[in-house]
Amino acid sequence: MAATALTTNPPPALDRKPLPAGQPRDWYVSHNRRLKAMRLTIALLDSGVYHPASADNHRIRAAAERIGVHAPSDTTCRMVRTLIRYDR
């Protein structure tokens, strides 16, 4: 009996649409911040972090490194904790 090699393929990339033109710069910054916070929240929930108190900045930044995004700011970390709180 031959053993088969397990390969982990990343999920297929989602089709991304360009952002609408003509918005103020602050709109784009906050939009991208919300997307990043959602990605980090999902990564933390998948890793077993279900309470905002256990999601300190260090743990959030470690999750960011693990999923391959730039380290989040303190504002984004606060937003992640808020999303974890209201995810229930």
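**Considering a nonpolar patch on the surface**
(1) Moving on: A cluster of nonpolar side chains, namely Leu 35, Met 38 and Leu 83, defines an oily patch on the protein surface of about 220 Å² accessible area.
(2) Moving on: Here Met 38 lies in helix H1 (residues 25-46).
(3) Moving on: For Met 38, a relative accessible area of 42% puts it in the partly exposed group.

**Brief notes about the environment of Tyr 50**
(1) Moving on: Inspection of the secondary structure puts Tyr 50 in the loop between H1 and helix H2 (57-67).
(2) Moving on: By relative accessible area, which is 49% here, Tyr 50 ends up partly exposed.
(3) Moving on: As for Tyr 50 and Ile 84, which are separated by 34 residues in sequence, their C-alpha atoms are 6.6 Å apart.

**What to know about the pattern of salt bridges**
A side chain of one charge can pair with a side chain of the opposite charge when the charged atoms of the two come close.
(1) Moving on: Tallied over the full model, the rule gives 1 salt bridge.
(2) Moving on: Of the charged contacts in the structure, one is a salt bridge between Arg 61 and Asp 74, with a shortest N-O distance of 2.7 Å. With Arg 61 in helix H2 and Asp 74 in helix H3 (residues 74-85), this pair connects stretches of sequence that are 13 residues apart.
(3) Moving on: Residue classification places Arg 61 among the partly exposed positions, given a relative accessible area of 29%.

**What to know about the packing of H2 against H3**
(1) Moving on: Remark: H2 packs on H3, axes separated minimally by 10 Å, with the N-to-C direction vectors making an angle of 95°. It follows from the interaxial angle that H2 and H3 lie roughly perpendicular. Listed contacts from H3 to Asn 57, Ile 60 and Arg 61 of H2 are Asp 74, Cys 77, Val 80 and Arg 81.
(2) Moving on: When grouped by side-chain class, the residues that make up the contact of H2 with H3 number 3 nonpolar, 1 polar and 3 charged.

**Topic: the packing of H1 against H3**
(1) Moving on: Following both chains from N to C, one finds H1 and H3 inclined at 55°, their axes separated by 9 Å at the closest point. Relative to H3, H1 is oriented oblique. As H1 runs across H3, the sense of the crossing is right-handed. From H1, Arg 33, Arg 34, Lys 36, Ala 37, Met 38, Leu 40, Thr 41 and Leu 44 reach across to H3, where they touch Thr 75, Thr 76, Met 79, Val 80, Leu 83 and Ile 84.
(2) Moving on: Split by residue class, the contact of H1 with H3 holds 8 nonpolar, 3 polar and 3 charged.

Conventions used here
- Residues numbered from 1 in each chain as written.
- Predicted model: local features only at pLDDT ≥ 70, side-chain atom pairs only at ≥ 80, totals over all residues.
- Heavy atoms only, no water.
- Patch = residues over 30% accessible without salt bridge, like charges linked within 9 Å, V, L, I, M, F, W, Y side chains within 5 Å.
- Areas by Shrake-Rupley, 256 points an atom, 1.4 Å probe, with all protein chains shown as cover.
- Salt bridge = Lys/Arg side-chain N within 4 Å of Asp/Glu carboxyl O.
- Helix = DSSP H or I, 4+ residues; strand = E, 2+ residues; numbered from the N terminus.
- Buried < 20%, exposed > 50% of the residue type's maximum accessible area, 1.4 Å probe, protein only.
- Axes fitted to C-alpha atoms, helices over the stretch in contact; angles between N-to-C directions.
- Parallel < 35°, antiparallel > 145°, perpendicular 65-115°, else oblique.
- Contact = heavy atoms within 4.5 Å.
- Nonpolar A, V, L, I, M, F, W, Y, C, P; charged D, E, K, R; others polar.
- Left-handed = near helix turned anticlockwise from the far one by under 90°.

On their own, these measurements won't tell you what the molecule is for.
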